[in-house]
Amino acid sequence: MSPRRTFATTARVLRQLSHDHRTVGLLFVVPLVLMGLLAWLYSNTPGMFDMLGPTLLGLFPFIVMFVVTAMTTLRERSSGTLERLLAMPVGKLDIIVGYALSFGVLAIIQATLVSVVALHLYGLDIEGPQWGLILVALVNSLLGTTLGLLASAFARTEFQAAQFMPAFVLPQFLLCGLLVPLNQMPDILRHVADVLPLTYAVKAMNGVASEATLSSNTYTYIAIVLGFAVVAVLLGAATLRRQTR
């Protein structure tokens, strides 16, 4: 792995994305609109936005980053760009980490923007520090990015990449503890939830929302989510191949 080649890949992807206004809008505008709708929806129900807002603030960027990353990376594969890169003296890890860094930069901007707007414009109130909310939102965005990279390895078209969203995202959404508390789930489903990364992302966000000072458990949940992200990057590199068509 060469830092120069990795950063060159990062810079190229960022330049391309900067010219794609629809993708930029999906990344930065859609999560703001969704959080605004949520705040408006519960404007007449005191406390509900503060209860649900932190968790959904982490979920919205996760979902958006998953979709954008999977679709963009698949576009690189189907257009032949990835094929040409693999024909050059560039390592697979250089390419995958370069992609991850480029989308990671966007995730940092997205998570910070959505968190600041939710706190200071929409009036989201949490017990924990504001930086903790931003940190967990960022970690969730990075998780969505890395899972999107991994999902793109198994798709052949952008339509197939979109179809992976139900497989990768919806089961985690249903079992993460947002709809039904983990301790109230059937034993089998609870065991499945224990090995899904979004479960720990939701636990981390709940810790930020309810703890004035972040506990060791919350930091552990954050570390677990980051661990899943690293594993997804490594698996993405392992599945990278020259035959893309």
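Quick note: structure is the one above.
This report concerns the structure included in the present document.

On to helix α11 (residues 197–210), then. An ideal rise of 1.5 Å per residue puts 20 Å on 14 residues; α11 measures up with 20 Å between its terminal C-alpha atoms. When you tally the buried positions in α11, you get eleven out of 14 residues, the bulk of the element. Among the residues of α11, those classed as buried are Pro197, Leu198, Thr199, Tyr200, Ala201, Val202, Ala204, Met205, Gly207, Val208 and Ala209.

Moving on: the environment of Arg12. Its place among the elements puts Arg12 in helix α1 (residues 3–18). Residue Arg12 is classed as buried on the basis of its relative accessible area, which comes to 16%. Separated by 214 residues in sequence, Arg12 and Leu226 place their C-alpha atoms 25 Å apart.

For the rest of this paragraph, the subject is the layout of surface pockets. Of the pockets and cavities examined, the largest pocket occupies roughly 200 Å³. Along its surface, the largest pocket is lined by 13 residues, and Ala100, Thr146, Ala229, Val230 and Val233 are the ones closest to its centre. Listing elements by their share of the lining of the largest pocket, those giving two or more residues are α6 (92–120), α7 (130–152) and α12 (216–239). By residue class, the composition of the lining of the largest pocket is ten nonpolar, three polar and no charged.

Here we take up the environment of Thr9. Looking at where Thr9 falls in the secondary structure, it is placed in helix α1. Taking the C-alpha atoms as reference, Thr9 lies 7.6 Å from Asp94; in sequence the two are 85 residues apart. Not counting chain neighbours up to four residues away, the residues in contact with Thr9 comprise Asp94, Ile95, Gly98 and Tyr99.

Moving on, we get to a nonpolar patch on the surface. On the surface, Val29, Val33, Leu34, Leu37 and Trp40 cluster together into a nonpolar patch covering about 500 Å² of accessible area. Structurally, Val33 can be placed in helix α3 (residues 30–41).

Enumeration over the complete set of coordinates arrives at one salt bridge. Across the pair Arg190 and Asp187 runs a salt bridge, and its minimum N-O distance is 2.8 Å. Pair noted here: Arg190 and Asp187 are both in helix α10 (residues 187–193), with a separation of three residues, about one helical turn. When its relative accessible area of 26% is taken as the criterion, Arg190 is described as partly exposed.

Reading the values: the criteria
- Residues numbered from 1 in each chain as written.
- Predicted model: local features only at pLDDT ≥ 70, side-chain atom pairs only at ≥ 80, totals over all residues.
- Heavy atoms only, no water.
- Helix = DSSP H or I, 4+ residues; strand = E, 2+ residues; numbered from the N terminus.
- Expected span 1.5 Å × (residues − 1).
- Buried < 20%, exposed > 50% of the residue type's maximum accessible area, 1.4 Å probe, protein only.
- 1 Å grid on protein atoms, 1.4 Å probe; cavity = no way out; pocket = protein on both sides within 12 Å on 5 of 7 lines; lining within 4 Å.
- Points joined across faces, edges and corners; volume = space filled by probe spheres on them.
- Nonpolar A, V, L, I, M, F, W, Y, C, P; charged D, E, K, R; others polar.
- Contact = heavy atoms within 4.5 Å.
- Patch = residues over 30% accessible without salt bridge, like charges linked within 9 Å, V, L, I, M, F, W, Y side chains within 5 Å.
- Areas by Shrake-Rupley, 256 points an atom, 1.4 Å probe, with all protein chains shown as cover.
- Salt bridge = Lys/Arg side-chain N within 4 Å of Asp/Glu carboxyl O.

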